[in-house]
Amino acid sequence: MITLYDYLPSQNAWKVRLLLNHLNQPYEQVLVAIFGGEGQAPDYRKVSPTGTVPAIRLDDGRVLSESNAILMYLAEGTPYLPSDAYGRAKVYQWLSFEQERVESQIGALRHWTMTGKLPRRPEFLVEMKRKAGLNALATLEAQLSDHDFIAGEQYTIADMSLFAYASRTEEAGISLAPFPAVRAWIARVESQAGFLPTMHPYAIDPLSANELP
Ligand SMILES: N[C@@H](CCC(=O)N[C@@H](CS)C(=O)NCC(=O)O)C(=O)O
């Protein structure tokens, strides 16, 4: 059975929980107190070089980190990752977009907003992230106006990855009202068999008010 190194409010980790749920694959969960410094412990850095969650350990002891790399690995041979080179590359295109334009912008804003750190951040930085988040949503809106799912007509790990933060923009202080195609896509993703509705607020972790080590 695989082990998932997890932190419940992490939407990066939720992506992996979602795919495991779709695949009906059992796993052992090990919680990592990232705000308590456990991510930076030398033993955990051997599992995840950056000290972040999610990470997985396979039955044979091999480890893998970075949410999208884990999705690629676990989706291999399933309907959630195309088998042809172009289809896979298209999924990878949107996974790269997710990391650069969504996770690191909307994800950061959501973290700062939900844990009360926003007022401690420089105003220009918050404004940059908000603008970048809105630009990312406009890109998604254009793509989803022509396609049911982000990489084409098939629900893939690109949708799972993007959903993690693009569906939580209100928690980052960004309204989805101007993005009807994104809202319709959110409803389509939520209606997929095996969708995982449970997500956790940072408030469940009293340590989350701390800065990350
Ligand atoms: N690019 C990474 C980002 C992972 C990440 O930043 N995870 C956060 C939780 S959402 C974390 O573990 N942060 C702890 C830290 O940065 O020390 C991924 O997609 O997995």
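Calculation notes
- Residues numbered from 1 in each chain as written.
- Predicted model: local features only at pLDDT ≥ 70, side-chain atom pairs only at ≥ 80, totals over all residues.
- Heavy atoms only, no water.
- Near = heavy atom within 4 Å.
- Polar contact = N/O pair within 3.5 Å; in protein donor to acceptor, adjacent residues only side chain to side chain.
- Areas by Shrake-Rupley, 256 points an atom, 1.4 Å probe, with all protein chains shown as cover.
- Nonpolar A, V, L, I, M, F, W, Y, C, P; charged D, E, K, R; others polar.
- Bend = angle between axes of the 7 residues up to and from the residue.
- Helix = DSSP H or I, 4+ residues; strand = E, 2+ residues; numbered from the N terminus.
- Buried < 20%, exposed > 50% of the residue type's maximum accessible area, 1.4 Å probe, protein only.
- Arc of directions from axis to C-beta.
- Contact = heavy atoms within 4.5 Å.
- UniProt positions renumbered as here; feature names shortened; annotations may be inferred.
- 1 Å grid on protein atoms, 1.4 Å probe; cavity = no way out; pocket = protein on both sides within 12 Å on 5 of 7 lines; lining within 4 Å.
- Points joined across faces, edges and corners; volume = space filled by probe spheres on them.
- Domains from an automatic or database assignment.
- Buried area = accessible area lost by both parts, 1.4 Å probe.
- Lys, Arg positive; Asp, Glu negative; His and termini not counted.
- Salt bridge = Lys/Arg side-chain N within 4 Å of Asp/Glu carboxyl O.

The protein carries the name Glutathione S-transferase in an unreviewed UniProt entry, which gives Lysobacter daejeonensis GH1-9 as its organism.

Trainee: Would you take a moment to explain the site of the ligand for this structure?
Mentor: Within the structure, the ligand sits among 13 residues, and Ser10, Val53, Glu66, Ser67 and Gln99 are positioned closest to it. Interatomic distance of 2.7 Å between a side-chain N/O atom of Glu66 and a nitrogen atom of the ligand. Across the complex, the protein chains shield 83% of the 500 Å² of accessible surface that the ligand would expose by itself. A breakdown of the residues in the shell around the ligand according to their chemical character gives five nonpolar, six polar and two charged.

Trainee: Whenever I open this one, helix α4 (residues 85-114) confuses me. Can you help?
Mentor: Because each turn of an α-helix spans 3.6 residues, side chains separated by three or four positions in sequence point in the same direction. Of all the bends found along α4, the most pronounced is centred on Glu98 and spans about 40°. Two residues or fewer after α4 comes Gly116, characterised by a positive phi angle close to 75°.

Trainee: Please explain helix α3 (residues 67-75) as it appears in this structure.
Mentor: Within the span of α3, buried status applies to Ser67, Asn68, Ile70, Leu71, Leu74 and Ala75. Across the axial projection of α3, the buried residues extend over an arc of 155°, all falling on one side. On the buried face of α3, the contacting elements are β1 (2-6), α1 (11-22), β3 (55-57), β4 (63-65), α4 and α6 (157-166). In the segment just after α3, Gly77 is the residue with positive phi, at about 80°.

Trainee: What am I meant to see in the UniProt feature "domain: GST N-terminal" (unreviewed entry) in the protein here?
Mentor: This chain's UniProt record puts "domain: GST N-terminal" (unreviewed entry) on residues 1-82. Taken end to end, residues 1-82 comprises 33% helix and 20% strand; its first and last C-alpha atoms sit 25 Å apart.

Trainee: What am I meant to see in the layout of surface pockets here?
Mentor: Roughly 530 Å³ of internal volume is contained in the largest pocket. As for the largest pocket, its lining consists of 25 residues, of which Asn12, Ile34, Thr52, Glu103 and Leu212 are closest to the centre. Contributing elements (two or more residues each) for the lining of the largest pocket: α1 and α4. The element best represented in the lining of the largest pocket is α4, accounting for six residues. Looking at side-chain class alone, the lining of the largest pocket contains 10 nonpolar, 13 polar and two charged residues. Residue assignment places the lining of the largest pocket across two domains, with domain 1 (2-79 + 199-209) and domain 2 (85-190) each supplying three or more.

Trainee: Help me understand the domain arrangement of the protein in this model?
Mentor: Many analyses report the size of an interface as the accessible area lost when the parts associate. Splitting the protein by domain gives domain 1 (2-79 + 199-209) and domain 2 (85-190). Computed from C-alpha atoms alone, the centre-to-centre distance between domain 1 and domain 2 is 20 Å. Residue-level contacts link 24 residues of domain 1 with 20 residues of domain 2. Around 1,900 Å² of area is buried between domain 1 and domain 2 when both sides are counted, 58% of it from carbon and sulfur atoms.

Trainee: Sorry if this is basic, but what is going on with the side chain of Lys129 here?
Mentor: In this structure, Lys129 sits in helix α5 (residues 123-146). Despite being buried, Lys129 has no salt bridge partner; Glu103 is the closest side chain of opposite charge, sitting 8.3 Å away. Not counting chain neighbours up to four residues away, the residues in contact with Lys129 comprise Ser104, Gln105, Ala108, Leu109 and Trp112.

Trainee: Help me out: how do you make sense of the pattern of salt bridges in this one?
Mentor: For side chains of opposite charge, pairing can occur when their charged atoms come near one another. Counting across every chain of the model gives 11 salt bridges. Of the charged contacts, one joins Glu76 and Arg88 as a salt bridge, the two residues approaching to 2.9 Å between their closest N and O atoms. Of this pair, Glu76 sits in the loop between α3 and α4 while Arg88 sits in helix α4; the two residues are 12 residues apart in sequence, bridging distant segments of the chain. Residue classification places Glu76 among the partly exposed positions, given a relative accessible area of 47%. A relative accessible area of 24% places Arg88 in the partly exposed class. The closest approach of N and O atoms between Arg120 and Glu211, which form a salt bridge, is 2.9 Å. Here Glu211 lies in the segment after α7 (180-190) and Arg120 lies in the loop between α4 and α5, a separation of 91 residues in the sequence. One continuous salt-bridge network, built from bridges that share partners, spans Arg110, Arg168 and Glu171.

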